[in-house]
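Structural characterization, general
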Amino acid sequence: MLKDFIGMESFYKSALISAVLLCVVLIVVCAFLGKKLKNIEIKSKIKEMMDYETGIGNLNYFKHNFSHSISDYSRNFYYVAYIVINSNYLQLYQSDSTFTDVVNNAAAILSKSVKHNEFVARISETGFAFAFREMDVSDAKKRINELMEELSGLIVSDENNKSVFYTVVYNLDAQDDNCELLLFNLRRNCSRIFGTENQVLFCDSHSIHSVLEEKKTIDSVISGLENNEFKLYLQFSVDNKTKKIVSAEALSRWIHPEQGLLPPVKYIGVLSKCGLISELDYYMFEMVCKQLEKWSRTEYNSISLSCNFTRITISEDDFIDKLVNICDKYTFDKSRLIIEITEDAIEKNHKKAMNNISECKKLGFCIALDDLGSGYTSLENLCDYPIDIVKIDRDILLKTIEPKGRKLFRGMIALAHSLNLKVVCEGVETLEHNEFVTGTDCDYLQGWYYAKAIPVEGSEEFIDNYNP
Ligand code: C2E
Ligand code: CA
Ligand code: CA
């Protein structure tokens with residue numbers, strides 16, 4: 001009995017020891033695995049935050065530090081410098097120093113200048129962001145100037161003596177806790193000095209936040225386009241002799257969810273500035289195509305529609321591809337669609353714009369030169385583009401109250417006719433305008449005297465009720 005008891009006790013003892021040992025082994029294994037996993041996690045975190053080319057932090061790293069290292073109390077002492085390399089210039093003039101070398105050396109210089117609680121990162125192919133602390137703005141300026149001098153020393157200067165590094169610096173305000181927005185604003189402000197002789201720009205809170213308004217507009221335009229808030233309006237033109245409707249110009253209106261109906265003057269400028277105007281142009285082009293398709297099998301099929309294209313859009317490399325992609329879906333007679341070259345901005349690439357317009361002509365579209373006599377629409381454009389129609393700007397018509405203005409107006413029509421072009425007079429607003437233009441050789445009349453721009457939905461009713 002006692003023997004049995006002792007036997008049982010030693011059995012339980014050894015079982016207990018085994019269990020304890022097993023637990024210890026399990027704990028050790030778990031700890032080991034945990035450490036391993038943690039290491040993997042840390043490694044993947046590092047991976048996520050590192051720029052492999054230069055070995056310094058990347059955009060994620062900058063954002064992480066921006067939210068973790070800068071407290072609400074210390075924010076005012078921080079400056080953020082967005083430093084960008086003019087890579088075009090490097091390629092053009094600096095064949096000896098390769099882009100990669102310059103980026104790596106710049107990263108090394110920047111890392112070296114980082115002090116306690118400061119951080120730097122490569123946030124794009126050509127851009128760095130550097131967050132540094134100074135108590136005094138003059139110290140911040142001195143530090144940035146020295147840094148820029150050191151960076152500029154990376155490039156052997158040539159006779160062009162052009163700048164390769166540009167920076168925009170901003171002293172954070174208490175409310176500047178949105179890193180993404182801040183970097184966006186710095187980038188935008190950088191375009192004010194990029195390519196100029198001015199290498200450093202210190203921004204104040206006002207200039208930074210005016211860009212913030214612009215970003216809001218850009219975001220709302222993008223969502224406006226996605227949500228079909230831009231509407232097609234038509235303004236009809238008449239033949240000077242018969243006074244019958246011959247065509248209509250497509251004009252956009254933005255039905256803004258909060259601000260209501262906005263005319264083009266409220267958004268065209270901003271769109272051109274931020275590179276979104278082409279989106280609107282193609283969007284309107286598609287609506288015009290749809291309308292012409294709809295009319296192609298009705299009694300309205302003799303009416304042409306003209307569509308405004310800024311020169312920015314016209315000079316894009318993929319302009320023709322995009323146009324063809326859209327209009328290939330439709331079967332209407334292409335000569336009913338008039339492409340209007342607007343005057344609002346100078347083209348990025350004049351040669352490309354000329355080639356693209358020639359291609360449009362080959363595709364069968366009609367070409368009009370808008371706003372002759374104003375802005376960027378100069379007489380040489382009459383030779384450069386294969387145009388069919390010129391539109392005389394309203395400003396010229398307004399000058400016809402003077403004898404000189406009337407001579408100019410008639411002279412422009414004679415010039416256009418000698419080049420076999422048809423002429424539209426814009427802005428025929430009053431009875432006097434109408435009487436004067438009717439008495440000239442002008443081919444077509446457009447203006448409020450005949451019609452204001454109306455929503456496309458009401459256009460058929462307008463045509464039906466129109467009595468010349
Ligand atoms: P535009 O191409 O010169 O269009 C004619 C402008 O003159 C229109 O202004 C029209 O409403 C206005 N107008 C017409 N008749 C009269 C008149 O008798 N008196 C006066 N005072 N004005 C008259 P709107 O619609 O405000 O458009 C302004 C400009 O915005 C257009 O000038 C055009 O260049 C541009 N635009 C409009 N929609 C688009 C678009 O979808 N894309 C592009 N790129 N530009 C557009
Ligand atoms: Ca126009
Ligand atoms: Ca015009």
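Summarised in this report is the structure supplied together with it. Being a predicted model, the structure only gives us computed values, none of them experimental. (Residues numbered from 1 in each chain as written. Chains lettered and ligands numbered in written order. Predicted model: local features only at pLDDT ≥ 70, side-chain atom pairs only at ≥ 80, totals over all residues. Heavy atoms only, no water.)

**Concerning the coordination of the calcium ion (ligand 2)**
- Protein-derived ligands of the calcium ion (ligand 2) are Glu249 (OE), Asn308 (OD1), Glu340 (OE) and Asp370 (OD), with the metal-ligand distances lying across 2.2 to 2.3 Å.
- Donor residues for the calcium ion (ligand 2) sit on one chain with the sequence pattern E-x58-N-x31-E-x29-D.
- A separation of 3.8 Å is found between the calcium ion (ligand 2) and the calcium ion (ligand 3), which share aspartate 370 as a coordinating residue. Of this pair, glutamate 249 sits in strand β7 (residues 245-256) while asparagine 308 sits in strand β9 (residues 304-309), and the two are 59 residues apart along the sequence.
- Owing to a relative accessible area of 17%, asparagine 308 belongs among the buried residues under this scheme. (Donors = N, O, S within 2.8 Å, 3.2 Å for Na, K, Ca; no water. Helix = DSSP H or I, 4+ residues; strand = E, 2+ residues; numbered from the N terminus. Buried < 20%, exposed > 50% of the residue type's maximum accessible area, 1.4 Å probe, protein only.)

**Examining the coordination of the calcium ion (ligand 3)**
- Summarising the metal site, the calcium ion (ligand 3) is bound by the protein donors Asp370 (OD), Asp371 (OD), Glu426 (OE) and Glu426 (OE), whose distances to it range over 2.2 to 2.4 Å.
- Taken in sequence order, the residues that donate to the calcium ion (ligand 3) follow the motif D-D-x54-E.

**Points about the sheet that holds strand β5 (residues 200-203)**
- A sheet is described by the order of its strands in space; here five strands give the open sequence β2-β3-β1-β4-β5, paired in mixed fashion. At either margin of the open sheet sits one strand with a lone partner, and together these are β2 (119-122) and β5. Neighbour-to-neighbour, the strand axes of the sheet open up by a mean angle of 15°, direction not taken into account.
- Pairing of strand β4 (residues 165-171) with β5, which is carried by four bridges, proceeds in the parallel orientation. Note that in β5 the partner of valine 168 across the bridge is leucine 201.
- Its contacts with the sheet put helix α2 (residues 59-69) on β1 (78-85), β2 and β3 (127-133), and the angle it makes with β2 is roughly 155°. (Pairing = 2+ DSSP bridges. Axes fitted to C-alpha atoms, helices over the stretch in contact; angles between N-to-C directions. Contact = heavy atoms within 4.5 Å.)

**Here's the deal with the layout of surface pockets**
- The volume enclosed by the largest pocket comes to roughly 1,000 Å³.
- If you trace the largest pocket, you find 32 residues lining it, with Glu249, Leu251, Pro264, Asp371 and Glu426 closest to the centre.
- Elements represented by at least two residues in the lining of the largest pocket include exactly β7, α9 (277-295), β9 and β11 (366-372).
- Split by residue class, the lining of the largest pocket holds twelve nonpolar, eight polar and twelve charged. (1 Å grid on protein atoms, 1.4 Å probe; cavity = no way out; pocket = protein on both sides within 12 Å on 5 of 7 lines; lining within 4 Å. Points joined across faces, edges and corners; volume = space filled by probe spheres on them. Nonpolar A, V, L, I, M, F, W, Y, C, P; charged D, E, K, R; others polar.)

**Examining the pairing of β9**
- Among the six residues of β9, six are classified as buried, and the element is accordingly described as predominantly covered.
- In β9, alternate side chains face the same way, and those of Ser304, Ser306 and Asn308 on one face and Leu305, Cys307 and Phe309 on the other are all buried.
- Relative to strand β10 (residues 337-341), β9 runs parallel, the two sharing five bridges. By the bridge assignment for β10, asparagine 308 is matched with glutamate 340.

**Topic: helix α11 (residues 319-327)**
- Residues of α11 that are buried include every one of Phe319, Ile320, Leu323, Ile326 and Cys327, and no others. Burial along α11 is one-sided: seen end-on, the buried residues are contained in an arc of 130°. Away from its buried face, by an angle of more than 90 degrees, α11 presents the exposed residues Asp321 and Asn325.
- Contact partners of the buried residues in α11: α9, β9, α10 (311-314), β10 and α12 (350-363). (Arc of directions from axis to C-beta.)

**Side note on the site of ligand 1**
- Taken together, 21 residues lie around ligand 1, and Glu249, Arg253, Asp281, Glu429 and Trp448 are the ones closest in.
- A distance of 3.3 Å separates an oxygen atom of ligand 1 from a polar atom in the side chain of asparagine 308.
- Summarising the interface, the protein chains cover 82% of the accessible area of ligand 1, which totals 790 Å² for the free molecule.
- More than half of the atoms of ligand 1 fall within 2 Å of the grid points belonging to the largest pocket.
- Within the residue set of the shell around ligand 1, elements represented by two or more residues are β7, α9 and β11.
- Of all the elements, β7 adds the most residues to the shell around ligand 1, at four residues.
- Considered class by class, the residues forming the shell around ligand 1 number seven nonpolar, six polar and eight charged. (Near = heavy atom within 4 Å. Polar contact = N/O pair within 3.5 Å; in protein donor to acceptor, adjacent residues only side chain to side chain. Areas by Shrake-Rupley, 256 points an atom, 1.4 Å probe, with all protein chains shown as cover. Sits in = over half its atoms within 2 Å of the grid points.)

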